[in-house]
Amino acid sequence: MNLRKMPLKKSAKFLTLLLTSIVIASVSAGVYYSLSMTSTITTATTDVWFVAGDDNGTECNVVLSPQNTSATITGLNAYPNATFTYVDPIRVKNNGSEPQDIRLRHISLSGNDTEFDFVKFQIRNGTTETDAILRTLNYVCTGSDWTLPSNTTYVSIPGDTEWSVTIETRAIDDAGSASVIIEIVVDVR
Amino acid sequence: MVKYRREFRGVHKSILGALALLILLGFLLQNVAGSAYYSLFMESNTTVSSPPVELQEGTAGNSTIYANSTSALTSVNLTYPASETVSADAKARANSYGTQRAVLRTTDANNTLHVFLLDSSGDLQWYNSTDDGQTWDKSFTSNLSASSFSVEKDSSNNIHLVYEASGNVEYRKQAYNATAWGTATTLDSSGDAHQPSIVVAAYNQSWIYVVFDVHAKKSSEVHFARSTDSGSTWAETSEDITDLTPPNTLEYTGGDTAGVFPSIVSNNTLGTYGHIYATWFSGNLYLYLRRGVLDSAGGVTWDADDNVTTLSSAMSVASTTVNTNMTHSAVDNNGKYKVVYCESGTAKYRDWNETSLSSPISLATVSNYPSLTYDSNNYLYVFYETNASNNNYYIRYQRSADTTPTSFSNPINITDSNQDNEYVTTKIGGDNNRIEFVWTCGNAIPYEVKYNYRGPGAGEDDFNYVLKMVEKDGFDWKVRLKAYDNSSITRLNNCSIYIYNGSNSTQIVILNGDYENKTGPWYDLAASATEYIWMHVETSSAGTSYVYVYLEILVPNKTTYARYIIAFEIT
């Protein structure tokens, strides 16, 4: 049998070889032996967690989980035709000595989709208004729906540092009664 | 068989290649999947709420409040009154030089405006207006020949006139509504007396003081005369206040000159009975100031030689032809002696509080024949003529940025026609809430004498108030204004925006077309309170400017704040 003389193109030949190799790999995987491995998983605290910011307590309320790994912020206001800024409602704290990469990622949104202009979550390079905004997760309401933001890129938070997550809101002119719940996460790697 | 082996080796190589690819793919997948991370979960609940503060319309300007009372457009308009002709038969300057025009207001029922001028025949004419300068009439027909003069009103609305007639200095006292000239009293009959200046003492309106130039060939002096009975009798009419203890002298003896152009002003806040200040051009570069201390009888003790103040040592050299570098304009205002004078075509301002002499502040070049006055808030105005951007002269003024003053605004044109507008003279003080002035217009005899004014509603104004802020949530806040954008603000000589409720908080300041302050200090807005926004605006020319401002409303002791947008339109 002369395989080279078979009327197959090169790509077909390659595909055949690939499938053959997969079959061989599968068959050979059928014959195995085991190495024993024991894993011990213990609970540990993370290096990065939330802490309440200076703006907590009057115009908004931050409730943190026992390990500060989740937070609920209630009482946020959006005013018609006026931007309302909470510069420092909640902070991301890197309690370790090594830098960590963090990003903001959308999870879910529910509630009204007509009365808002936007809700923004912004990571600041510090905890004051003069500190630069590094990353923004911008939820824009089109009047009939929300445009959901893509994940931000990662940014490195130095060790032993706190950064504010600033929240900006605005409702449309003549906005009626409405509320929106937005769930996001801060990914840490 | 060999052939078969070759084929098999080919297949074997392909299988190895595929395996290598698989391993590579596996590594790649493992690397991607191996980016371990954890996530911190955050939930936010945002609710639409009514604005905590409402913007509402003010009582000045024209404000439009937009939806939800969280943004506004505020428009203010300034007007520029047209110049009115007082007389079309005037001399630009008389042969012997000195003041040729004067304007003042009396406090009679009509707040009558008075303008004195020399007509083309050299006669002193008296015009009056009882409609704020819209129309003018001669008080009576006059053929009183004069060369230069000075007028001053007293608190009884008498007008005291001194004038030069053929080298003599004469005095007349006139009721504000006189229908003929009063009786003349000769103060100097030497034939060498010129350029008289008169003042009524602030302390006692019956005390009247006069200085005048006496110059003969190669000698220039300042003489003084006084009356303590409202002009009925006069004393010391030949006292030479430039002739100090020998060998000191402030007299100029170096050559012929057009005169020493003396002035006299009165101060009521210094000394028990007030002080008077005589100022004159020495005849050779210097501008001198000498203080006189008044006593209980209206007598004068002049400061000793060593206390004569040199205001300038860079005036013109003596000349038989009058020029701007010989003249000055002095007032007493807000407890200080204040003067403007001209050095090489640039007017300069100084003041003296009897302890220190301020550093000169230069006004714009060219600023010839400056005339100084002040408004009811003690801001200073320097009017002058210039040819800085025109072939012929035109009239400008500069307003002080504050009452100190630390600086003056950019020049603001009164006239921009190419008709030779010169020799502006201001009314002293801002009574009737107006800065009023007269000048000559034209390029040949007879000239016109024009009248105009500035002040509230005329090229500048206070707009109090344009907006108000009403707290609606029942909480305390802090508020401030923050400018974030603008257009065409170079024409804004002064645009100051304030928050007010019992005390002023200066928020935005634009001076001479540039921001002096873009962000105001935080101002308390108490629960349920109302605060007001007002503006002061001065413009240098017609046009429309916009200043875009955030009204920031801050939660006290937090960094949580709302931003409203207010657009200010200045037309």
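Each value, and the rule that gives it
Residues numbered from 1 in each chain as written. Chains lettered and ligands numbered in written order. Predicted model: local features only at pLDDT ≥ 70, side-chain atom pairs only at ≥ 80, totals over all residues. Helix = DSSP H or I, 4+ residues; strand = E, 2+ residues; numbered from the N terminus. Buried ≥ 20, exposed ≤ 12 C-beta atoms within 10 Å, placed from the backbone. Core = buried A, V, L, I, M, F, W, Y, C linked by C-beta atoms within 7 Å. Contact = placed C-beta atoms within 7 Å. Nonpolar A, V, L, I, M, F, W, Y, C, P; charged D, E, K, R; others polar. Pairing = 2+ DSSP bridges. Axes fitted to C-alpha atoms, helices over the stretch in contact; angles between N-to-C directions. pLDDT = per-residue confidence, 0-100.

1. With respect to the overall build of chain B
Along its length, chain B carries one helix and 43 strands. Looking at chain B residue by residue over its 571 residues, the buried ones come to 48%.

2. Comments concerning the overall build of chain A
Helix and strand content of chain A: one helix and 11 strands. Start at the N end of chain A and walk to the C end: the helices and strands fall as α-β-β-β-β-β-β-β-β-β-β-β. Counting only residues that meet the buried cut, chain A has 32% of its 189 residues in that class.

3. Observations regarding the nonpolar core
One finds Val115, Val162, Val210, Ile276 and Val382 of chain B to be the most contacted residues of the largest nonpolar core, which totals 97 residues. For this core, the element with the highest residue contribution is strand β16 (residues 208-216) of chain B, accounting for six residues. Listed in part, the 78 residues of the second largest apolar core include Trp146 of chain A together with Ile533, Val547 and Ala562 of chain B.

4. Considering the interface of chain B and chain A
Taken together, the contacts link 36 residues of chain B with 59 residues of chain A. Put simply, the parts of the chain that give the side of chain B that touches chain A at least two residues each are α1 (2-33), β1 (38-48) and β43 (560-570) of chain B. Take the side of chain B that touches chain A: its biggest share by element is 11 residues, from β1 of chain B. Residue composition of the side of chain B that touches chain A, by class: 19 nonpolar, 13 polar and four charged. Pairing between strand β4 (residues 83-94) of chain A and β43 of chain B: four bridges, direction antiparallel. By the bridge assignment for β43 of chain B, Phe84 of chain A is matched with Ala562 of chain B.

5. A few points about the sheet that holds strand β14 (residues 185-188) of chain B
Residues and elements named next belong to chain B. Spatially, the four strands line up as an open sheet ordered β11-β12-β13-β14, and their pairing is antiparallel. Either end of the sheet is taken by a strand with one partner, and the two such strands are β11 (149-153) and β14. With direction set aside, neighbouring strand axes in the sheet form an average angle of 25 degrees. In terms of strand pairing, strand β12 (residues 158-165) meets strand β13 (residues 168-175) through eight bridges, oriented antiparallel. Bridge pairing in β13 places Leu161 opposite Arg172.

6. Considerations on the sheet that holds strand β25 (residues 336-343) of chain B
Residues and elements named next belong to chain B. Strand order across the open sheet formed by four strands is β24-β25-β26-β27, with antiparallel pairing between neighbours. The open sheet has two free edges, formed respectively by β24 (328-333) and β27 (361-365), since each of these has just one partner strand. Strand-to-strand twist in this sheet, taken as the mean axis angle between neighbours without regard to direction, amounts to 20 degrees. Bridge count for β24 against β25 is six bridges, and the pairing is antiparallel. From the neighbouring strand, Val331 faces β25, where its bridge partner is Lys338.

7. Regarding unusual backbone geometry
Residue and element names in this part refer to chain B. Along the chain, Thr365 connects to Val366 via a cis peptide bond; the corresponding omega equals 5 degrees. Looking at where Val366 falls in the secondary structure, it is placed in the loop between β27 and β28 (368-374). One non-glycine residue, Asn68, lies in the positive phi region at around 65 degrees. The class for Asn68 is buried, based on 20 C-beta atoms found within 10 Å. In this structure, Ser528 is a non-glycine residue whose phi angle is positive, near 65 degrees. The residue Ser528 is located in the loop between β40 (523-525) and β41 (530-539) in this model. Since 12 C-beta atoms lie within 10 Å of it, Ser528 is described here as exposed.

8. Points about the environment of Ser344 of chain B
Structurally, Ser344 of chain B can be placed in the loop between β25 and β26 (346-352). Remark: the alpha-carbon pair of Ser344 of chain B and Thr365 of chain B, spanning 21 residues in sequence, is separated by 9.2 Å.

9. Brief notes about the environment of Asp514 of chain B
All names here are of chain B. In this structure, Asp514 sits in strand β39 (residues 514-517). When the 10 C-beta atoms within 10 Å are taken as the criterion, Asp514 is described as exposed. Remark: the alpha-carbon pair of Asp514 and Asn493, spanning 21 residues in sequence, is separated by 8.6 Å.

10. Digging into the confidence of the model for chain A
Chain-level pLDDT for chain A is 86 on average; 77% of the residues reach the 70-or-more range. Across residues 1-5 of chain A, where pLDDT falls below 50, the model places four contacts with residues more than four positions away in sequence or in other chains.

11. Structural notes on the environment of Ile102 of chain A
Residues and elements named next belong to chain A. Note that Ile102 resides in strand β5 (residues 100-111). Judged by the 24 C-beta atoms lying within 10 Å of it, Ile102 is buried. As for Ile102 and Ser156, which are separated by 54 residues in sequence, their C-alpha atoms are 6.3 Å apart. Beyond its immediate chain neighbours, meaning those up to four positions away, Ile102 contacts Val48, Val92, Tyr154, Val155, Ile157, Val186, Asp187 and Val188.

12. Here we look at the confidence of the model for chain B
Residue and element names in this part refer to chain B. Confidence in the prediction for chain B averages 89 pLDDT; 92% of positions are at 70 or higher. Averaged pLDDT values for the elements of chain B fall to 50 in α1 and rise to 98 in β13. Counting interchain partners and residues more than four positions distant, the pLDDT-below-50 stretch residues 24-34 has zero contacts.

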